[in-house]
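What follows is the residue order along each chain.
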Amino acid sequence: MVIFLDLNMPELDGFDFLDGFLKMPESLRKQCHIIMVSSTTSKSDLERVTKYTAIRRFYSKPLSVKILSEINEILELEFVH
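Presented here is a report on the structure given in the accompanying data block. (Residues numbered from 1 in each chain as written. Predicted model: local features only at pLDDT ≥ 70, side-chain atom pairs only at ≥ 80, totals over all residues. Heavy atoms only, no water.)

### Digging into the nonpolar core
Grouped burial of nonpolar side chains is what soluble globular proteins tend to show. As a reminder of what qualifies: Among buried residues, the Ala, Val, Leu, Ile, Met, Phe, Trp, Tyr and Cys ones that are joined through side-chain atoms within 4.5 Å form a nonpolar core. Residue exposure (1.4 Å probe, protein chains only): buried if accessible area is under 20% of the type maximum, exposed if over 50%, otherwise partly exposed. Each helix corresponds to a stretch of at least 4 residues labelled H or I by DSSP, and each strand to a stretch of at least 2 residues labelled E; elements are numbered beginning at the N terminus. Whether two residues are in contact is decided by their heavy atoms: any pair within 4.5 Å suffices.
Membership of the largest hydrophobic core comes to 13 residues, with the highest contact counts inside it found for Leu 5, Phe 15, Leu 18, Ile 34, Met 36, Val 49 and Ile 55. Within the residue set of this core, elements represented by two or more residues are strand E1 (2-6), helix H1 (14-21) and strand E2 (33-38). Here the element with the most residues in this core is H1; it accounts for three residues. Dropping the residues within four chain positions of it, Met 36 is found in contact with Leu 5, Leu 7, Leu 18, Val 49, Ile 55, Arg 57, Phe 58 and Tyr 59. With six residues, the next largest nonpolar core counts Ile 35, Val 37, Tyr 59 and Leu 75 among its residues.

### Structural notes on the packing of aromatic side chains
Applied cut-off: Pairing of aromatic rings covers Phe, Tyr and Trp, the last through its six-membered ring, and needs centres within 6.5 Å; plane angles under 30 degrees mean stacked, over 60 mean edge-to-face, and all others mean tilted. Should the NZ of a Lys or the CZ of an Arg lie within 6 Å of a ring centre and within 35 degrees of the ring normal, that charge is described as sitting over the ring.
Applying the stated criterion across every chain yields a total of two aromatic pairs. Summarising the aromatic geometry, the rings of Phe 17 and Phe 21 are spaced 6.1 Å apart at their centres and angled 20 degrees between planes, so their arrangement reads as stacked. Placement of both Phe 17 and Phe 21 in helix H1 is noted, with a separation of four residues, approximately one turn of the helix. The ring of Phe 15 has Arg 48 lying over it, and the distance from NZ or CZ to the ring centre is 3.9 Å.

### Comments concerning the pattern of salt bridges
A side chain of one charge can pair with a side chain of the opposite charge when the charged atoms of the two come close. In plain terms, the rule: Salt bridge criterion: a side-chain nitrogen from Lys or Arg within 4 Å of a carboxyl oxygen from Asp or Glu.
As enumerated under the stated definition, the model contains two salt bridges in all. Ionic pairing is found between Lys 61 and Asp 6, a salt bridge with its closest N-O pair at 2.6 Å. Here Lys 61 is found in the loop between strand E3 (55-60) and helix H4 (65-80), whereas its partner Asp 6 is found in strand E1, with 55 residues between them in sequence. Judged by its relative accessible area of 37%, Lys 61 is partly exposed. Where Glu 26 meets Lys 30, a salt bridge forms, and the shortest distance between an N and an O atom there is 3.5 Å.

### Focus: the pairing of E3
Definition in use: Two strands make a pair as long as DSSP finds a minimum of two bridges between them. A crossover gets the label right-handed when its path from the first strand over the helix to the second runs clockwise, viewed with the strands pointing away from the viewer.
Alignment of E2 against E3, held across five bridges, turns out to be parallel. Among the inter-strand pairings, Met 36 is bridged to a residue of E3, identified as Phe 58. Following the chain from E2 across helix H3 (residues 43-49) to the adjacent parallel E3, one finds a crossover that is right-handed.

### Some thoughts on the sheet that holds E1
Each strand in a sheet pairs with another by means of backbone hydrogen bonds, the pair being arranged parallel or else antiparallel. Which entries qualify depends on this criterion: For helices, the fitted line uses only the C-alpha atoms of the stretch in contact; every axis is such a line through C-alpha atoms, and the angle between N-to-C directions lies from 0 to 180 degrees.
In spatial order, the strands read E1-E2-E3; together these three strands make up an open sheet with parallel pairing. Single-partner strands in this sheet number two, and they are E1 and E3. Neighbour to neighbour, the strand axes of the sheet diverge by 25 degrees on average, direction disregarded. Pairing geometry for E1 and E2, over five bridges, is parallel. By the bridge assignment for E2, Val 2 is matched with His 33. Along the sheet, H1 contacts E1, E2 and E3; its crossing angle with E1, the most-contacted strand, is approximately 140 degrees.

What follows is the structure, encoded as structure tokens:
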């Protein structure tokens, strides 16, 4: 399962989601690939992102076709192996 997660969402921000996600059983978490996308420029947000090992990749928005192709290649490699 792939989860595209933004930091800035209504009612539940990306960090709140991650805190809840980490409470889920490890067997379920291992099946999820979290890719964070955000337009944040906050240094504290970017530093905080690095503390969550559940995040496989972080990309700044807007996403380009090149970045989407890169994400696709990464996911194909991870799902095949």
